[in-house]
Amino acid sequence: MAAPLEFVLRLLSESPVDLLKIAFLSYLLACALVYLCITNDILSLKSDKDSDLVKKKILILTAHPDDECMFFSPTIIYLSKTSEVFVMCTTSGNYYKKGEERKKELLESCKILGVADHNVQVLDNSAFPDDPNAVWDLALLGNEMRATINRFQPDYVLTFDHHGVSGHSNHIFVSKAARQIVHRSNFSHGAVKLLELETVGLLRKYTSFLELPFSLKGDLVTFVSPFTEILRAQKAMCAHNSQMVWFRVLYVIFSRYMVINTFREVTS
């Protein structure tokens, strides 16, 4: 008992700054250990919900070219190994008149992530402009989504939640339209399940793998990328060359969405 007591007394004698350093280093070590255990299959996060997505058809609904990479890359990389993944992008990302260039970048990014060209669809409908101030017609967007679902016949649809991860209104419209049609439509191939990507707070969003302990919730479908797959996601993001301004470089380095995705199933 003397040794632990001596250690505690020594800690209490440290300055507050030193205690903060010790706490941060301890947390960093714990996160690194958990991350390594999960990504090396020593500690499994897989639940029945996770395994349900294996050997299925998965449709990712996004708003802009680069959404698939910036927000969904851990999911796409993992599922493309075990399932058939499709991507529907609502706009061509033409806010700065680079829509045609961004369509090509999207295909290259998806190819790196493991999605074939013929499994990628860009709506590029003038009714859904790439503009955070635009109001999209939810009924019309729902019809487009319904047609895409009937075309690809997915078992699962994955998209943003009602906060849109970044708060972008285009993301939120995609989420609203998906909610309206997935559980209210009769699709040609049967029922479809809807999963929404969890929006986290600003601090959690930009702490990379250090956010992992907060994502270990049993009711979430969770994907965590090992280091090699993080590099692959970063390579895919680099395919969006027209978008690689300094703040997106920082995003790629620090965002938890390049490492961790957590989803909730929407049942109604």
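Calculation notes
Residues numbered from 1 in each chain as written. Predicted model: local features only at pLDDT ≥ 70, side-chain atom pairs only at ≥ 80, totals over all residues. Heavy atoms only, no water. UniProt positions renumbered as here; feature names shortened; annotations may be inferred. Helix = DSSP H or I, 4+ residues; strand = E, 2+ residues; numbered from the N terminus. Buried < 20%, exposed > 50% of the residue type's maximum accessible area, 1.4 Å probe, protein only. Contact = heavy atoms within 4.5 Å. Areas by Shrake-Rupley, 256 points an atom, 1.4 Å probe, with all protein chains shown as cover. Salt bridge = Lys/Arg side-chain N within 4 Å of Asp/Glu carboxyl O.

By the naming in an unreviewed UniProt entry, the protein is N-acetylglucosaminylphosphatidylinositol deacetylase, taken from Elysia marginata. Taken verbatim from the UniProt record of the protein, the Sequence similarities (unreviewed entry) comment is "Belongs to the PIGL family."

K.L.:
Describe the overall build of the protein, and please don't skip the residues or the numbers.
P.N.:
For the protein, the helix and strand inventory stands at twelve helices and seven strands. The proportion of buried residues among the 268 residues of the protein is 46%. Of the contacts made within the protein by residues no fewer than 6 positions apart, 83% connect residues no fewer than 24 positions apart. Per element, the accessible surface of the protein, about 13300 Å² overall, is 61% carbon and sulfur.

K.L.:
Talk me through the pattern of salt bridges; I want residue IDs and the actual numbers.
P.N.:
If you walk through the whole model with that rule in mind, you get nine salt bridges. Residues arginine 102 and aspartate 66 are paired through a salt bridge, measuring 3.1 Å at the closest nitrogen-oxygen approach. Taken together, the positions of arginine 102 in helix α6 (residues 99–113) and aspartate 66 in the loop between β1 (57–62) and α4 (67–70) put the pair 36 residues apart, joining distant regions of the chain. In terms of burial, arginine 102 and aspartate 66 fall into one category: buried. Across the pair lysine 81 and glutamate 229 runs a salt bridge, and its minimum N-O distance is 2.1 Å. Of this pair, lysine 81 sits in helix α5 (residues 73–82) while glutamate 229 sits in helix α11 (residues 227–238), and the two are 148 residues apart along the sequence. On the accessibility criterion, glutamate 229 (10% relative accessible area) is buried.

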